[in-house]
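Each chain, letter by letter, is given below.
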Amino acid sequence: MNSKTLLILINLGTPDSSKKKDVKNFLSQFLNDPRVIDIPWLLRKFLVNCIIVPFRTKNSSKIYSKIWHSTEGSPLLKHTIELTQKLEHQLKLQNIDVTYAMRYQNPSMTSVLQEIKNKNYQKIIVFPMFPHYASSSTGSALEEFMRIVSKWWVIPELKIISQYFNQPEFINCIVNRTSEFPIHTYDHIVFSYHGLPISQVDKVYPNNDLCANHHCEHTYDNDNAFCYKAACFETSKLLIENLKIDPSKTTTSFQSRLTKKWIEPFSDEVIINLAKNGAKKILVFSPAFTADCLETLYEIEIEYLEIFKHHGGQELHMVKSLNSENDWVKAIETIALK
């Protein structure tokens, strides 16, 4: 008897549409997650449901509408579906099925895992679509997965990929995306990662230790192996080495911040300062995002381009995410199965 294996991709999620009602539902579910906003329950409920969601829904709906495909809908969902289909074709000869679920909204983890449960897989490989571990992304996805699966009467063999940012296959895929860019003609290169509150990064360290004590901008070791900030700077270092870029012409930064108490430097401020200091042409990578989404297609390609030009810059180009390209399909196969 051949044992049956399942590879499940878990992505963050997306509204069902760009309409205010669907955006509100997405924001509400996402921001009420205690791993995303890690403050006391009552304060989080008040902050999210009475302030953030009511005030952000209308504007977020407008922004989503700018990146929404008229026929294909959400770019993140589109790329996730295409990636799943390609992986399914790639792995069918190895007796491995492939599916996907979203941490928030649809298809929900609950509905997808109910289908999985009924198929009696002997092994499940869990592959979050987040290269760097963070409690608010990978941690939340894995917690929800285990919450559901832990209630099954039969729990199959599980393999969990918690992070893979430093795997050569992942780095090579990003390097491959630069083929269309004459990389040495740019005045500066920015590696922009999704931001996190400093408080969440500090919680990685035991005994009330702090990220600030570990030189995460320069050192990646066992002590900070699951520090998101350290992992991001290490990713930039690996890309700089592989692309043979002058490190002095690069900056690692963090976008999408909500407050000043998030990891620095902030990408928008970096973009502004580059323009003010005379940079005319810059290239932006977004290595934390494996699929293009609101943060890449709007925040970088539209918003950052506008602020760069407003302060004297001319050209801002973005390296596309890995999406569902064939090299990424092969990379996931290698990382998940080795």
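Just above, that's the structure.
Cut-offs used in this document
Residues numbered from 1 in each chain as written. Predicted model: local features only at pLDDT ≥ 70, side-chain atom pairs only at ≥ 80, totals over all residues. Heavy atoms only, no water. Pairing = 2+ DSSP bridges. Helix = DSSP H or I, 4+ residues; strand = E, 2+ residues; numbered from the N terminus. Axes fitted to C-alpha atoms, helices over the stretch in contact; angles between N-to-C directions. Contact = heavy atoms within 4.5 Å. Disulfide = S-S within 2.5 Å. Polar contact = N/O pair within 3.5 Å; in protein donor to acceptor, adjacent residues only side chain to side chain. Phe/Tyr/Trp six-rings, centres within 6.5 Å; stacked < 30°, edge-to-face > 60°. Buried < 20%, exposed > 50% of the residue type's maximum accessible area, 1.4 Å probe, protein only. Lys NZ or Arg CZ within 6 Å of the ring centre and 35° of its normal. Expected span 1.5 Å × (residues − 1). Salt bridge = Lys/Arg side-chain N within 4 Å of Asp/Glu carboxyl O.

**Q** What am I meant to see in the sheet that holds strand β4 (residues 157-160) here?
**A** What holds strands together in a sheet is hydrogen bonding between their backbones, with the strands either parallel or antiparallel. Reading across the sheet, the four strands line up as β2-β1-β3-β4 and stay open at both edges, with parallel pairing between neighbours. In this open sheet, the two edge strands, each paired with only one partner strand, are β2 (96-105) and β4. Sheet twist, expressed as the average angle between the axes of neighbouring strands with direction ignored, equals 25°. Of the pairings in the sheet, the one linking strand β1 (residues 5-14) to β2 comprises nine bridges and is parallel in character. Bridging across to β2, Ile-8 finds its partner in Thr-99. Across the face of the sheet, helix α1 (residues 20-31) comes into contact with β1 and β2 while running at roughly 95° to β2. Running over the sheet, helix α3 (residues 75-91) touches β1 and β2 and is turned about 165° from β2.

**Q** Help me understand the state of the cysteines in this model?
**A** Put plainly, a disulfide is one covalent bond tying together the sulfur atoms of two cysteines. Scanning all chains against the criterion turns up zero disulfides. Free of any disulfide, Cys-173 has its nearest neighbouring cysteine sulfur in Cys-293, separated by 17 Å. Among the cysteines around Cys-232, which has no disulfide bond, Cys-227 carries the closest sulfur, lying 8.5 Å off.

**Q** Is there a simple way to explain the environment of Lys-203 in this structure?
**A** By secondary structure assignment, the location of Lys-203 is in the loop between α7 (198-202) and α8 (228-243). C-alpha of Lys-203 to C-alpha of Met-109: the two residues are 94 residues apart in sequence and 26 Å apart in space. Only 2.8 Å separates the side chain of Lys-203 from the side chain of Asp-38, close enough to count as a polar contact.

**Q** In this structure, what is going on with the sheet that holds strand β7 (residues 281-285)? I would like to understand it.
**A** Taken in spatial order, the four strands of this open sheet run β6-β5-β7-β8, and their pairing is parallel. A strand with exactly one partner marks an edge of an open sheet, and here the two such strands are β6 (250-255) and β8 (315-318). For this sheet, the mean angle separating the axes of adjacent strands, direction not counted, is 25°. Strand direction decides the pairing type here: β7 and β8, joined by four bridges, are parallel. Bridge pairing in β8 links Lys-281 to Glu-315. Sheet strands in contact with α8 are β5 (188-194), β6 and β7, and its direction is about 150° off that of β5.

**Q** I tried to follow the packing of aromatic side chains on my own but got confused; where do I start?
**A** Working definition: an aromatic ring pair is given by the centre-to-centre distance plus the angle between the planes. Taken as a whole and assessed by the stated rule, the structure comprises 13 aromatic pairs. Each ring, one from Tyr-164 and one from Phe-170, has its centre 5.8 Å from the other, and the planes form 80°; the classification is edge-to-face. Judged by relative accessible area, which is 1%, Tyr-164 ranks as buried. Residue classification places Phe-170 among the buried residues on the basis of a relative accessible area of 1%. By the ring-pair criterion, three or more aromatic residues cluster together here, those being Phe-127, Tyr-164, Phe-170 and Trp-328. A cation over a ring is seen here: Lys-281 above Tyr-186, with NZ or CZ 4.7 Å from the ring centre.

**Q** Please explain the pairing of β5 as it appears in this structure.
**A** Successive side chains on a regular strand alternate, one facing one side of the sheet and the next facing the other. Burial of β5 is extensive: six of the seven residues sit out of reach of the surface. As defined by bridge partners, β5 adjoins β7 across four bridges and the pair is classed as parallel. Bridged to Ile-189 within β7 is Leu-283.

**Q** I would appreciate a short explanation of α3 in the present structure.
**A** Over its 17 residues, α3 runs 24 Å from end to end, which matches the ideal 24 Å to within 8%, given 1.5 Å per residue. Here α3 has its buried residues at Pro-75, Leu-76, Lys-78, His-79, Thr-80, Leu-83, Thr-84, Leu-87 and Leu-91. In this fold, the buried residues of α3 make contact with β1, α2 (41-67), β2, α10 (294-310) and α11 (326-337). Its side-chain oxygen 3.3 Å from the backbone nitrogen of Leu-76, Ser-74 forms the N-cap of α3.

**Q** Help me out: how do you make sense of the pairing of β6 in this one?
**A** In terms of burial, β6 is a largely internal element, six of the six residues being buried. Of the two faces of β6, the one lined by Thr-250, Thr-252 and Phe-254 and the one lined by Thr-251, Ser-253 and Gln-255 are each fully buried. Here β5 runs beside β6; their pairing, made up of six bridges, is parallel. Paired with Ile-189 across the two strands is Thr-250, which belongs to β6.

**Q** Would you mind showing me how to read the pattern of salt bridges here?
**A** Oppositely charged side chains can form a pair if their charged atoms are brought close together. Applying the stated criterion across every chain yields a total of 16 salt bridges. Note that Glu-82 is salt-bridged to Lys-78, the shortest N-O span being 3.4 Å. Of the two residues, Glu-82 and Lys-78 are both situated in helix α3; the distance of four residues between them amounts to about one turn of the helix. A salt bridge links Lys-320 to Glu-301, with the nearest nitrogen and oxygen atoms 3.4 Å apart. Within this pair, whereas Lys-320 is found in the loop between β8 and α11, its partner Glu-301 is found in helix α10, the two being separated by 19 residues in sequence. Looking at Lys-320, the relative accessible area reads 37%, which means it is partly exposed. Connected via shared salt-bridge partners are Arg-257, Lys-260, Asp-268 and Glu-269.

None of this, on its own, says anything about what the molecule does.
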